[in-house]
Amino acid sequence: MHFKPLLPLSDALEQLLENAAPRVGVSDVPLGESLGRILAADQYALIDVPPADNSAMDGYALRSADAGRSLPISERVAAGDSAPSLGPDSIARIFTGGEIPVGADAVVMQEDVSKKGNLIELPQCIDADQHIRVRGQDCRAGDLLLSRGRGIRPQDMGLLASQGIAQIPVLNKLKVALLSTGNELREPGSGPLPPGAIYNSNRPMLLGLLTALGCDVVDLGIVRDTAEATRDALSRASTSADLILSSGGVSVGEADHVRDSVSALGEIALWRIAIKPGKPFAYGRVGSTPFIGVPGNPSSAFVTFVMLARPYIRSLQGRNDIAPKLMPARADFTVSNAGSRQEFLRVTTYLKAGEIWARPYANQSSGVLSSVSASDALAVVPLGELIESGQVIQLMPLDSLLY
Ligand code: AMP
Ligand code: MG
């Protein structure tokens, strides 16, 4: 059989993203339920935060010009009190978060004064504005806080709450139909394996990857390797989801029915991608529902998912940041990538003399899922490159690829 040259990963990604407009509508959700959801509209500050100048310390609010004097306390302000006016020739006792009294322009820490009877002896040198958290120093009304397409993190929820925002518009969850193809597959819990069978690893792994990305999964289970079963499952998937994701059956063997079935119901591009582990990767549509097929080998399924399906899904979800994060580290290995594919080694990182190093898992075979489970990053080995021990390489931390 004659094959076209392998498609570079960057070309495959570009083609995928060309056709990846958001496929979901918009709803309002209460702020407390917004974790991991994707913002549907830019969020602007409504008020200044903090809304008034207040104290960063427990101590005394005073006029900085009174440095070196001994003065009595005329006021007391704690967090939650409204700001009083500071009387003449006096200072105010103040606690963290208390609003600065009108007339005061500095705060002195309680550790920096001494008491003499009713009088507080002030230090010789007091800077105007010291220990004051100025109104609007966090956000000013009108500031852009968070952009549309941003996945909401816990700290973002806190920031929006500081503005009094109780509800936000988010993009609806992308619904993904998940299929695992293969006559050999059995579900964990179905009893001991009969001859020829293996347990289905990809189903829970892909379910986890999709869930971590914030998708709703319609799990259609195992699909037998026949044209009829594959077509039936794909048809059902296309009417119940925004995207279909299958594993296995995208090679060119006689038991691989995904390509012909997707072609019959829509259209398919079957790509042989210059990626290791990986290679066969299918993309197309069933009716009008987009379709992605990752290879059956679990490590290949994982790596092609995070490198290709993930950015595509993030685009369909309406996210604005889709490129994976890279982190430099030193190689604790020597490899020469003389092959035809960009390699993603599964590595463990560790710290040595203040630097991050990456050690590869011993068995990098595409069927060895332990390599992914034992690792915390993928190390990029570009095509045709020799990487020597100690050289700086680029890593993709696995945690950063999981959301
Ligand atoms: P395929 O892509 O269907 O040709 O499968 C390639 C290899 O991956 C074969 O050894 C399959 O048995 C294995 N495989 C396919 N699907 C799964 C799965 N869901 N879980 C574990 N291994 C699988
Ligand atoms: Mg198969």
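Just above sits the structure.
Residues numbered from 1 in each chain as written. Chains lettered and ligands numbered in written order. Predicted model: local features only at pLDDT ≥ 70, side-chain atom pairs only at ≥ 80, totals over all residues. Heavy atoms only, no water.

Student: I'd love a proper account of the overall build of the protein chain, names of residues and values included.
Tutor: Counting secondary structure elements, the protein chain contains seven helices and 29 strands. Here the C-alpha atoms of the protein chain give a radius of gyration of 30 Å, more than 25% beyond the 22 Å that 2.2 N^0.38 yields for 403 residues. Overall, the protein chain is about 95 × 50 × 45 Å in size when its C-alpha atoms are taken along their principal axes. A buried classification covers 44% of the 403 residues belonging to the protein chain. As displayed, the protein chain offers around 18,700 Å² of accessible surface, 51% of which is attributable to carbon and sulfur atoms. Within the protein chain, one finds 36 positive and 43 negative side-chain charges whose respective centroids are separated by 6 Å. (Helix = DSSP H or I, 4+ residues; strand = E, 2+ residues; numbered from the N terminus. Rg over C-alpha atoms; globule rule 2.2 N^0.38 Å. Buried < 20%, exposed > 50% of the residue type's maximum accessible area, 1.4 Å probe, protein only. Areas by Shrake-Rupley, 256 points an atom, 1.4 Å probe, with all protein chains shown as cover. Lys, Arg positive; Asp, Glu negative; His and termini not counted. Charge placed at Lys NZ, Arg CZ, Asp CG, Glu CD.)

Student: Residues and numbers for the nonpolar core, please.
Tutor: Of all hydrophobic cores here, the largest spans 45 residues; its most connected members are Leu245, Phe281, Ile292, Phe305, Ile313 and Phe344. Counting residues per element, this core draws most heavily on helix α6 (residues 298-316), at eleven residues. With 15 residues, the next largest nonpolar core counts Ala233, Ala237, Ala241 and Val250 among its residues. (Core = buried A, V, L, I, M, F, W, Y, C linked by side-chain atoms within 4.5 Å.)

Student: I'd like a description of the packing of helix α4 (residues 227-240) against helix α5 (residues 258-265), backed by residues and values.
Tutor: Packed helix pairs are characterised by how far apart their axes lie and by the angle those axes make with each other. Between α4 and α5, the shortest axis-to-axis distance is 9 Å and the interhelical angle comes to 50°. By the angle class used here, α4 and α5 are oblique. Crossing geometry of α4 relative to α5 is assigned as right-handed. Each of Ala227, Thr230, Arg231, Leu234 and Ser235 in α4 lies in contact with α5, whose residues at this interface are Val258, Ser261, Val262, Ala264 and Leu265. For the contact of α4 with α5, the class distribution of residues is six nonpolar, three polar and one charged. (Axes fitted to C-alpha atoms, helices over the stretch in contact; angles between N-to-C directions. Parallel < 35°, antiparallel > 145°, perpendicular 65-115°, else oblique. Left-handed = near helix turned anticlockwise from the far one by under 90°. Contact = heavy atoms within 4.5 Å. Nonpolar A, V, L, I, M, F, W, Y, C, P; charged D, E, K, R; others polar.)

Student: Residues and numbers for the site of ligand 1, please.
Tutor: With respect to spatial proximity, 16 residues lie near ligand 1, and among them Glu184, Asn200, Ser201, Gly249 and Gly296 are the closest. Measuring from an oxygen atom of ligand 1, one finds a backbone N or O atom of Gly296 at 3.0 Å. Protein chains shield 77% of the accessible area of ligand 1, which is 490 Å² for the free molecule. When its residues are assigned to classes, the shell around ligand 1 shows four nonpolar, ten polar and two charged. (Near = heavy atom within 4 Å. Polar contact = N/O pair within 3.5 Å; in protein donor to acceptor, adjacent residues only side chain to side chain.)

Student: An account of the pattern of salt bridges is requested, with residue identities and associated values reported.
Tutor: The full count for this structure, using the stated rule, is 14 salt bridges. As a salt-bridge pair, Asp66 and Arg69 come within 3.0 Å of each other at their nearest N and O atoms. You can call Asp66 buried: its relative accessible area is 9%. Looking at Arg69, the relative accessible area reads 35%, which means it is partly exposed. Residue Asp156 pairs with Arg153 through a salt bridge whose shortest N-O separation is 3.4 Å. Accessibility expressed as a relative area gives 3% for Asp156, which makes it buried. Among the residues examined, Arg153 registers a relative accessible area of 38% and is labelled partly exposed. Three or more residues joined by partner-sharing salt bridges are found here, namely Asp48, Arg135 and Arg140. (Salt bridge = Lys/Arg side-chain N within 4 Å of Asp/Glu carboxyl O.)

Student: For α4, give the residues involved together with the corresponding values.
Tutor: With 14 residues, α4 extends 20 Å between its outermost C-alpha atoms, agreeing within 8% with the 20 Å of an ideal straight helix rising 1.5 Å per residue. Within α4, burial applies to Thr230, Ala233, Leu234, Ala237 and Ser238. Down the axis, α4 shows its buried residues gathered within 135° of arc, on one side only. Those residues of α4 that are exposed and angled more than 90 degrees off the buried face are Glu228 and Thr239. Buried residues along α4 sit against β14 (175-181), β17 (216-223), β18 (243-247), α5, β21 (280-286) and β22 (289-294). (Expected span 1.5 Å × (residues − 1). Arc of directions from axis to C-beta.)

Student: Which residues make up the pairing of strand β23 (residues 327-331), and what are the values?
Tutor: The pairing of β23 with strand β29 (residues 392-397) spans four bridges and is antiparallel. Bridge pairing in β29 links Arg330 to Val392. Bridging between β23 and strand β26 (residues 355-360) involves two bridges; their strand directions are parallel. Across the sheet, the residue bridging to Ala331 is Ala358, located in β26. (Pairing = 2+ DSSP bridges.)

Student: Report on the sheet that holds strand β13 (residues 167-171), specifying residues and quantitative values.
Tutor: Taken together, the three strands give an open sheet; going across it, the order is β1-β13-β2, and neighbouring strands pair in antiparallel fashion. In this open sheet, the two edge strands, each paired with only one partner strand, are β1 (26-30) and β2 (38-39). Where β1 and β13 come together, five bridges link them in antiparallel fashion. In the strand pairing of β13, Val29 is matched with Ile168.

Student: Which residues make up the sheet that holds β14, and what values do they have?
Tutor: Hydrogen bonding along the main chain pairs the strands of a sheet, whether they run parallel or antiparallel. The six strands lie next to each other as β17-β14-β18-β22-β21-β19, forming an open sheet whose pairing is mixed. Two strands lie at the open edges of the sheet, namely β17 and β19 (266-272), each paired on one side alone. Taking each pair of neighbouring strands and ignoring which way they run, the sheet shows an average axis angle of 15°. Pairing of β21 with β22 involves five bridges; the strand directions are antiparallel. Across the sheet, Gly284 pairs through a bridge with Phe291, a residue of β22. Sheet strands in contact with α6 are β18, β21 and β22, and its direction is about 165° off that of β22.

Student: Quick one: what's the story with the side chain of Thr181, residue by residue and with numbers?
Tutor: Note on placement: Thr181 falls in strand β14. For Thr181, a relative accessible area of 9% puts it in the buried group. Side-chain polar atoms of Thr181 contact the backbone oxygen of Gly248, separated by 3.3 Å. At 3.4 Å, the side chain of Thr181 forms a polar contact with the backbone nitrogen of Gly249. Those residues in contact with Thr181 that lie beyond four places of it in its chain are Val223, Asp225, Ser247, Gly248, Gly249 and Val258.

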